[in-house]
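# Observations on chain architecture
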Amino acid sequence: MSAHTKYSSNAPEPAEGLTLFRWIGTIGIALFLVIFPYQRGLFNGYEFSFDSPIYGAIIFGLFLLIATAGYIYKDSQQSSYRGILSIAVMLLPFIYWISSFQAVSSYYGKFMFLVFFLLASLFISSLYLAESKHARKTIEYALMLSSYLIVLFGLLNLFGQMYYKDALWPAHDGFRLASVFQYSNAYGGFLVALFLVSLYYAVHCVRPSARIVHAAMLVPIWISFMLTYSRGAIVIVPVVVLALLPFLRLSKQITYLLFMILSVGISMALLGKLTAIVDKISAIVQPTETKAQQTLSLFSSLPMQGWGFLLLGMIVTTGLILLYHAKLDALMEKKLEKLSARKWSFAMVPVVAIILAAAAAASLLGSSAIRGLLPDKIAVRFENINFQQHSVLERLTFYKDGLHVAEDYPLLGGGGGAWQAMYEQYQNNPYWSRQSHSFIVQILVETGWIGLIALIAVLVLAYGLYIRSYFRHPELRGSHFIFFIFSLALLLHSAIDFDMSYLYISAIVFISLGCMLAPYASKLILQRTTGSSWLKITYPAVLVVLSLVLLVVTVRENSGVQKYKKTYELAVQGQTPLEGLLPLLNEAIDRSPKNSSFTLTKADWLEQAYKQTNDASFLEQALSTAQQARKTDPYNRGLLISEFRLLQQKGQFKESLAVIDEGVSKFPWDINLYEAAVTSYAEANSKALKEQNEADAKSYAERVEALSAEVNRRIEQLATLPAEQLQGRSFALTPAMEKAIAGIELAANQ
């Protein structure tokens with residue numbers, strides 16, 4: 001009999017009559033998990049094109065929180081750690097709200113407040129609704145169904161039956177599997193969590209049908225994981241496994257590792273053949289400059305081979321796992337019964353696992369013969385796992401640059417979207433990354449040390465309560481442990497990549513945090529009090545009011561996005577004159593006045609109208625629009641360049657020089673801005689010389705010299721980068737800059 005069966009049979013449960021509010025909330029969470037991953041994983045790329053699906057998810061979550069508030073009011077509450085957690089998690093969106101007042105991007109400052117309010121809402125909903133076993137199981141099944149469908153979706157793209165943009169992510173050496181996330185490293189982190197959860201089920205499930213399903217998915221998950229070629233995800237596998245093993249009994253620890261070795265071994269045996277097949281399919285299916293994408297029939301030769309090998313691995317793995325449960329599981333329990341009773345027995349297998357993992361890693365990384373058994377691309381990825389390879393060095397640079405941002409914005413950060421807005425001002429070399437590649441660094445940059453400490457405090461409290469309850473109350477243990485695995489694995493990987501920028505992944509984390517604690521609600525009571533009626537209604541009432549207010553805000557913002565999309569589509573079609581487009585665009589701006597995508601488009605259209613008609617009123621409106629927008633988004637490069645260009649067209653040359661200087665200061669690795677600055681100052685110098693204004697001419701020449709010296713200094717700085725670290729964007733004197741500098745020097749020598 002499994003540990004799950006022993007513990008859950010005597011577990012006290014709250015009243016199982018699911019109220020209407022609990023049913024609505026539970027089904028809402030389940031639908032959220034199943035529906036939303038196909039919107040690019042709800043990726044927050046801090047660009048207009050990503051916003052609309054996220055607004056849809058936020059609206060969904062706000063209705064969910066209203067239902068949860070109704071359940072909290074109906075179900076009388078007592079003073080407990082659950083109440084403390086519910087309030088503590090709301091500190092995260094509250095800090096984002098406070099930081100939005102000093103945000104370098106007003107729009108994304110408010111946007112990230114809404115995002116974190118959604119995450120807090122999902123946590124609270126899960127924490128209360130999943131107290132019921134029926135509700136918790138519904139969420140659990142929905143999470144596993146959604147996860148397995150994501151794997152299947154990826155495999156259908158892998159074998160050519162579907163084409164989804166960047167489900168196979170293009171890399172320099174081929175394609176990397178990314179499924180719905182369109183980024184292989186995020187998918188790799190997700191698959192690590194899913195694989196370890198499926199292993200847990202394969203070890204603990206009692207019902208043969210459930211055991212078969214989860215055991216069968218081990219090979220597809222691991223093969224998908226290997227085809228992401230994610231080195232960071234590979235590295236965290238042993239870390240998460242070692243963190244999980246102490247929570248299992250000795251016999252289950254051994255079984256867990258045995259099933260892992262079995263499924264990984266079978267997967268790796270098939271990987272070479274599958275990789276060759278996938279490469280051939282990709283060459284046919286993936287679009288190129290000369291052909292469009294296409295799909296292959298399931299019954300085509302190559303897909304049939306791929307699915308056949310995969311099915312073979314699933315059958316063999318499932319068969320051996322079922323055989324183990326039938327013949328060896330009970331025997332293993334009996335043989336290890338006395339040893340399991342010893343105090344430190346839970347640590348024996350992890351210690352042995354560390355030794356074996358170290359030996360395996362040394363063999364894999366140090367032996368070319370062993371690596372030779374792997375497909376070439378995977379062998380190369382393993383061979384390059386070290387602290388000197390470029391992706392590690394680049395990430396360390398990101399993190400150092402993030403700390404530099406925090407030095408200037410220490411307490412509350414730069415608000416939502418601060419990294420993508422400011423990283424170029426602080427970067428060490430001209431890399432291009434709108435993501436900080438670390439959830440920790442992102443929180444630090446956006447909300448400062450106060451926000452980071454608040455997040456860590458919430459996580460420490462949640463995990464501390466769970467671990468304490470898990471060991472103090474073994475009668476309440478059960479399959480809700482999978483939520484612990486999911487949240488822990490995803491959070492660990494998000495420390496070295498931007499998984500949490502996918503709102504779907506961050507939603508899984510916060511839902512899992514709530515669901516893993518919910519079964520212990522009756523054990524988290526601080527004191528038993530009757531409480532006043534006003535106290536009982538206050539918290540749910542506040543949740544409802546906040547939800548309704550933010551629902552209006554979110555709907556309005558989303559309405560602006562939809563109007564902008566409609567306006568832009570009309571503009572692309574080219575059948576609507578500017579007089580017909582501007583009122584529609586102004587409606588979008590009225591609904592979301594701080595969205596720079598809208599205002600930048602308006603400024604560009606007005607500038608085009610000025611060039612076509614030479615009507616100065618269009619130029620005035622364009623300049624006014626750009627300048628007004630820059631007040632709420634001062635780091636928007638597009639707006640800055642637009643203002644610079646418009647000022648020059650208007651003849652306000654000195655003002656334009658101040659703007660381009662600001663651009664060089666904020667984007668000191670953008671050689672195009674240096675070019676614009678150098679050529680503009682050279683032109684100003686030439687004009688001042690013609691007007692015999694020697695003082696201004698000298699000032700402009702000195703500025704050209706300073707800009708040239710700064711570019712050369714930075715070029716020398718790039719030469720000091722480690723050989724393994726990529727420089728990023730090109731950074732060198734351009735022909736236009738060299739010509740302008742030569743002209744200044746020539747004028748000075750005359």
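You'll find the structure just up there.
Calculation notes
- Residue indices begin from 1 for each chain and proceed along its sequence in written order.
- With the structure being a predicted model, the display of local features is reserved for residues of pLDDT at least 70 and the display and counting of side-chain atom pairs for 80 or more, all residues being used for whole-chain, interface and lining totals.
- Here the side-chain values reflect all heavy atoms present in the structure, with hydrogen atoms and water set aside.
- Here an axis means a line fitted to C-alpha atoms, over the contact stretch when the element is a helix, while the angle between two N-to-C directions is reported on a 0 to 180 degree scale.
- Only DSSP runs of H or I covering at least 4 residues are called helices, and only runs of E covering at least 2 are called strands; the numbering of each starts at the N terminus.
- What sets the label is the angle itself: under 35 degrees gives roughly parallel, over 145 gives roughly antiparallel, 65 to 115 gives roughly perpendicular, and the rest give oblique.
- Residues are treated as being in contact if the distance between any of their heavy atoms lies within 4.5 Å.
- Think of a 1 Å grid over the protein atoms and nothing else: a 1.4 Å probe that fits but is trapped marks a cavity, an open set flanked by protein within 12 Å on at least five of seven lines marks a pocket, and residues with an atom within 4 Å of a point count as lining.
- Grid points are joined across faces, edges and corners, and a volume is the space filled by probe spheres set on the points.
- Ten residues, namely Ala, Val, Leu, Ile, Met, Phe, Trp, Tyr, Cys and Pro, are considered nonpolar, four, namely Asp, Glu, Lys and Arg, are considered charged, and the remaining ones, Gly among them, are considered polar.
- By nonpolar core we mean a set of buried residues, namely Ala, Val, Leu, Ile, Met, Phe, Trp, Tyr and Cys, connected to one another through side-chain atoms within 4.5 Å.
- Remark: exposure states derive from per-residue accessible area (1.4 Å probe, protein chains only) relative to the maximum for the residue type, with buried under 20%, exposed over 50%, and partly exposed in between.
- For Phe, Tyr and Trp, where Trp contributes only its six-membered ring, two rings pair if their centres lie within 6.5 Å, and the inter-plane angle classes them as stacked under 30 degrees, edge-to-face over 60, or tilted in between.
- Either the NZ atom of lysine or the CZ atom of arginine qualifies as a charge over a ring when it sits within 6 Å of the ring centre and within 35 degrees of the ring normal.
- In this scheme, strands are said to pair when DSSP sees at least two bridges between them.
- Each patch groups residues whose relative accessible area exceeds 30% and which form no salt bridge, using 9 Å between like charges and 5 Å between nonpolar side chains of Val, Leu, Ile, Met, Phe, Trp and Tyr.
- Areas reported as accessible are Shrake-Rupley estimates using a 1.4 Å probe. Residue values count occlusion only from the protein chains shown.
- Salt bridge, as used here: a side-chain nitrogen of Lys or Arg that lies within 4 Å of a carboxyl oxygen of Asp or Glu.
- Expected span of a helix, by definition, is 1.5 Å for each gap between consecutive residues, and there is one gap fewer than residues.
- Two axes are fitted around each residue, one to the seven residues ending there and one to the seven starting there, and the angle between them is reported as the bend at that residue.
- Arc definition: directions from the helix axis to the C-beta atoms.
- Polar contacts here mean pairs of N or O atoms no more than 3.5 Å apart (in protein, one a potential hydrogen donor and the other a potential acceptor; neighbouring residues in sequence count only if both atoms are side-chain atoms).
- Working rule for handedness: look at the near helix, and if it is turned counterclockwise from the far one by less than a right angle, call the crossing left-handed; if clockwise, right-handed.

## Topic: the packing of helix H18 (residues 390–408) against helix H20 (residues 439–472)
Running from N to C, H18 and H20 cross one another at 5 degrees; their axes reach a closest spacing of 9 Å. Looking at the two axes, H18 sits roughly parallel to H20. Here H18 contributes Tyr-399, Gly-402, Leu-403, Val-405 and Ala-406 to the contact with H20, which in turn contributes Val-441, Leu-444, Val-445 and Trp-449.

## Here's the deal with empty space enclosed by the protein
In this approach the atoms are scanned with a rolling probe the size of a water molecule, which exposes any empty space left behind. If you walk through the whole model with that rule in mind, you get three cavities of 30 Å³ or more. Of the voids in this model, the largest cavity is the one considered here, and its volume is about 100 Å³. Lining of the largest cavity is provided by 14 residues; of these, Met-112, Val-115, Gln-442, Met-500 and Ser-501 occupy positions nearest its centre. The greatest single-element share of the lining of the largest cavity, amounting to four residues, is contributed by helix H6 (residues 106–129). For the lining of the largest cavity, a count of residues per class yields 10 nonpolar, four polar and no charged.

## Here's the deal with the nonpolar core
In this structure, Leu-196, Tyr-256, Phe-481 and Phe-486 are the most contacted members of the largest nonpolar core, which totals 228 residues. It is H6 that contributes the most residues to this core, 18 residues altogether. Once residues lying within four places of it in the same chain are set aside, the contact partners of Phe-481 are Tyr-200, Leu-244, Phe-247, Leu-248, Tyr-466 and Tyr-470. Core analysis: the next-biggest nonpolar cluster, separate from the first, contains 14 residues, Val-104, Phe-398, Val-405 and Val-441 among them.

## Regarding the packing of aromatic side chains
For any pair of aromatic rings, geometry is given as the distance between the ring centres together with the angle between the planes. The final tally for this structure, using the stated rule, is 52 aromatic pairs. For the ring pair Phe-48 and Phe-598, a centre distance of 6.2 Å and an interplane angle of 75 degrees mean the geometry is edge-to-face. Here Phe-598 lies in helix H25 (residues 596–613) and Phe-48 lies in helix H3 (residues 48–74), a separation of 550 residues in the sequence. Following the ring pairs from residue to residue traces out a cluster consisting of Tyr-200, Tyr-201, Phe-247, Tyr-463, Tyr-466, Tyr-470, Phe-471, Phe-481, Phe-484 and Tyr-520. Between the NZ or CZ atom of Arg-637 and the centre of the ring of Phe-667, over which it lies, the distance is 4.5 Å. Directly above the ring of Trp-669 sits Arg-714, whose terminal nitrogen or CZ lies 4.8 Å from the centroid.

## Concerning the pairing of strand E2 (residues 168–171)
Strand direction decides the pairing type here: E2 and strand E3 (residues 174–177), joined by four bridges, are antiparallel. Bridging across to E3, Leu-168 finds its partner in Leu-177. The loop that links E2 with its antiparallel partner E3 comprises two residues.

## Some details on a nonpolar patch on the surface
A grouping of Trp-23, Ile-27, Leu-31 and Ile-35 is seen on the molecular surface, where their side chains present a nonpolar patch of about 360 Å² in accessible area. For Ile-27, the position within the fold is in helix H2 (residues 20–35).

## Some points on helix H9 (residues 208–226)
Owing to its 3.6 residues per turn, the α-helix brings residues three or four apart onto one side. Over its 19 residues, H9 extends 28 Å from the first C-alpha to the last, a length consistent with the 27 Å expected when each residue adds 1.5 Å. Bending of H9 peaks at approximately 30 degrees at the position of Leu-218, with proline Pro-220 no more than four residues after it. Within H9, 15 of the 19 residues are buried, leaving the element largely enclosed by the surrounding structure.

## Description of helix H4 (residues 81–89)
Here H4 has its buried residues at Arg-82, Leu-85, Ser-86, Ala-88 and Val-89. Within H4, the buried residues cover an arc of 165 degrees as seen down the axis, which keeps them to one side. For H4, the N-terminal capping position is held by Ser-80, with its side-chain oxygen 3.2 Å away from the main-chain nitrogen of Arg-82.

## With respect to the environment of Leu-258
With respect to the helices and strands, the residue Leu-258 is situated in helix H11 (residues 250–285). Of the residues examined, Leu-258 reaches a relative accessible area of 39% and is grouped as partly exposed. Taking the C-alpha atoms as reference points, Leu-258 and Val-278, separated by 20 residues in sequence, lie 29 Å from one another.

## Re the packing of helix H8 (residues 184–204) against H9
For any two helices packed against each other, the geometry comes down to the angle between their axes and how far apart the axes lie. At a minimum axis distance of 9 Å, the contact between H8 and H9 shows a crossing angle of 155 degrees. As the angle between them shows, H8 and H9 are arranged roughly antiparallel. Crossing geometry of H8 relative to H9 is assigned as left-handed. In contact with Tyr-187, Gly-188, Leu-191, Val-192, Leu-194, Phe-195, Ser-198, Leu-199, Tyr-201 and Ala-202 of H8, H9 contributes Arg-211, His-214, Ala-215, Leu-218, Ile-221, Trp-222, Ser-224 and Phe-225. Of the residues belonging to the contact of H8 with H9, the class tally is 13 nonpolar, four polar and one charged.

## Points about the side chain of Ser-592
Position of Ser-592 among the secondary structure elements: in the loop between helix H24 (578–591) and H25. Relative accessible area serves as the criterion here: at 1%, Ser-592 is assigned to the buried category. When near neighbours in sequence (up to four residues on either side) are disregarded, Ser-592 contacts Tyr-107, Glu-557 and Phe-598.

## Focus: the side chain of Ser-596
With respect to the helices and strands, the residue Ser-596 is situated in helix H25. Setting aside its immediate chain neighbours within four residues, Ser-596 contacts Asp-633, Asn-636 and Leu-639.

## Some words on the environment of Val-115
Structurally, Val-115 is set in helix H6. With a relative accessible area of 6%, Val-115 lands in the buried category. Taking C-alpha positions, Val-115 is 7.9 Å from Pro-93, a pair spaced 22 residues apart along the chain. In this structure, Val-115 is in contact with Ile-54, Ile-58 and Leu-503, ignoring residues within four places of it in sequence.

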